[in-house]
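# Commentary on secondary and tertiary structure
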Amino acid sequence: MIKAIFFDMDGTLLSHSLGDVPPSARRCLTRLRQRGILCFMATGRHLLELESFPLGDLEFDGYVTVNGQLVLDGRRAPLCATAFSPEATALLAAIFRERSFPLSLVEEDRMYLNFVNDHVVKAQQAIETPIPELASWQGAPIYHGSVFLTEEEEPRLRRLLGDSCRLTRWNPHAMDVIPRDGGKVYGMERLLGHFGLSRQEIMAFGDGENDREMLSYAAIGIAMGNAREETKAAADYVTDHIDRDGIEKALRHFGLI
């Protein structure tokens, strides 16, 4: 029996072609919570970014943010915060300081960038998000990073970071950097523990590279019709495109609404 559902945001709940959450998805979230099914968000974004999107009227019972490193309850109070190891932090700080690549760093309540180039502009435009402020790292714990580079430049980044971090691409011009043992599943496990739930009682929706493990982990993993092919391969079920009521169609298929 499904007791909770995790939803990715970009490309799953939030349609960038509409600039909003599809009306059918909004109705589904309301119906699910009326039935007592918990609704969680699982996103690579920080809470600061979520506040700038048209999600304010949507209610969630918990949040897995910055790809699992900051977990919040339904009131957006912190439940778990997992920073990079000292080794990984030192490597990221060196990349940031030496301007090896444009690098955005995420602290618990702050996001900032070392410098801007064309990759930054294109990637941020694609997700309809302002470019982070330019600032310097002052030694605070780091929970997440975004590096702006092409696939051709990726081997150089991997050489600089070694095996201290994990990388997932979210745009032709950008990759997320997370702790070696991190990821959305890491955050999901903390949220499930808080609510006393097991993975056999959850469903998950996603479309991106950083959703693959989440879909495999859930009892029922659902890939959106607009998902990457490798994400679809990790899912138990592929639904329709986000702009063609994909969430609603999948929930009806499994008898949850």
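Residues numbered from 1 in each chain as written. Predicted model: local features only at pLDDT ≥ 70, side-chain atom pairs only at ≥ 80, totals over all residues. Heavy atoms only, no water.

### Thoughts on the packing of aromatic side chains
Rules: The aromatic pairing rule takes the rings of Phe, Tyr and Trp, using the six-membered ring of Trp, and pairs them if the centres are within 6.5 Å, calling planes under 30 degrees apart stacked, those over 60 edge-to-face and the rest tilted. Put simply, DSSP marks the helices as runs of H or I at least four residues long and the strands as runs of E at least two long, and each gets a number from the N terminus on. Buried residues are those whose accessible area, probed at 1.4 Å on protein chains only, stays under 20% of the maximum for their type, while exposed residues exceed 50% and partly exposed ones sit between those limits. We call a charge positioned above a ring when the Lys NZ or Arg CZ atom is no farther than 6 Å from the ring centre and deviates by at most 35 degrees from the ring normal.
Tallied over the entire structure, the rule returns 7 aromatic pairs. Residues F7 and F205 carry aromatic rings whose centres are separated by 5.2 Å and whose planes lie at 10° to one another, so their mutual orientation is stacked. A residue pair is termed long-range when its members are at least 10 positions apart, and F7 in strand β1 (residues 4–7) and F205 in strand β12 (residues 202–206) qualify at 198 residues. Across the pair, F205 and F7 agree in class, each one buried. Residues F148 and W170 carry aromatic rings whose centres are separated by 6.4 Å and whose planes lie at 85° to one another, so their mutual orientation is edge-to-face. Of this pair, F148 sits in strand β9 (residues 144–148) while W170 sits in strand β10 (residues 165–171), placing them 22 residues apart in sequence. The class for F148 is buried, based on a relative accessible area of 2%. Relative accessible area serves as the criterion here: at 26%, W170 is assigned to the partly exposed category. Put simply, the rings of F6, F40 and F195 touch in pairs and so form one group of aromatic residues. Above the plane of the ring of F101 lies R156, whose end atom (NZ or CZ) is 4.6 Å from the centre.

### Considerations on the sheet that holds strand β8 (residues 133–134)
Here is the rule: DSSP-based pairing: two strands are paired if at least 2 bridges between them are found. Between two residues, a contact is recorded if the distance between any of their heavy atoms is within 4.5 Å. Note on method: axes are straight lines fitted to C-alpha atoms, helices fitted across the in-contact stretch only, with angles between N-to-C directions ranging 0 to 180 degrees.
The 6 strands are arranged β8-β7-β6-β9-β11-β10 in an open sheet whose pairing can be described as mixed. Both edges of this open sheet fall to β8 and β10, since each of them pairs with a single strand only. Pairing analysis gives 6 bridges linking β10 to strand β11 (residues 174–179), with the strands arranged antiparallel. Within β11, the position partnered with L167 by the bridge is V177. Here helix α3 (residues 86–98) sits on the sheet in contact with β6 (103–107), β7 (110–113), β10 and β11, set at roughly 135° to β6.

### A look at the environment of L149
Along the chain, L149 turns up in the loop between β9 and α5 (154–161). Each C-alpha atom, one on L149 and one on F101, is 7.1 Å from the other, the two residues being 48 residues apart in sequence. For L149, the contacting residues outside a window of four places in its chain are F101, H119, E154, L157, R169, P172, H173, A174 and M175.

### Observations regarding the pairing of strand β4 (residues 70–73)
Alternating positions in β4 separate into two faces, L70 and L72 on one and V71 and D73 on the other, with burial throughout. By the bridge criterion, 4 bridges tie strand β3 (residues 62–65) to β4 in an arrangement that is antiparallel. Each residue of the ladder has a partner; that of T65, found in β4, is L70. Between β3 and β4, which pair antiparallel in sequence order, lie 4 residues; one of them, V66, sits at a positive phi of approximately 35°.

### Focus: the nonpolar core
Counted only if it meets this: Side-chain atoms within 4.5 Å are what join buried Ala, Val, Leu, Ile, Met, Phe, Trp, Tyr and Cys residues into a set we call a nonpolar core.
Counting residues in each nonpolar core, the largest one holds 31 residues, and the members touching the most others are I5, F7, M203, F205, I247 and L251. Counting residues per element, this core draws most heavily on helix α1 (residues 23–34), at 4 residues. When sequence neighbours within four positions are dropped, the list of residues in contact with F7 reads L13, L29, L32, C39, F40, M41, A42, F205 and I247. Membership of the second largest hydrophobic core comes to 22 residues, among which are A4, L38, A42 and A218.

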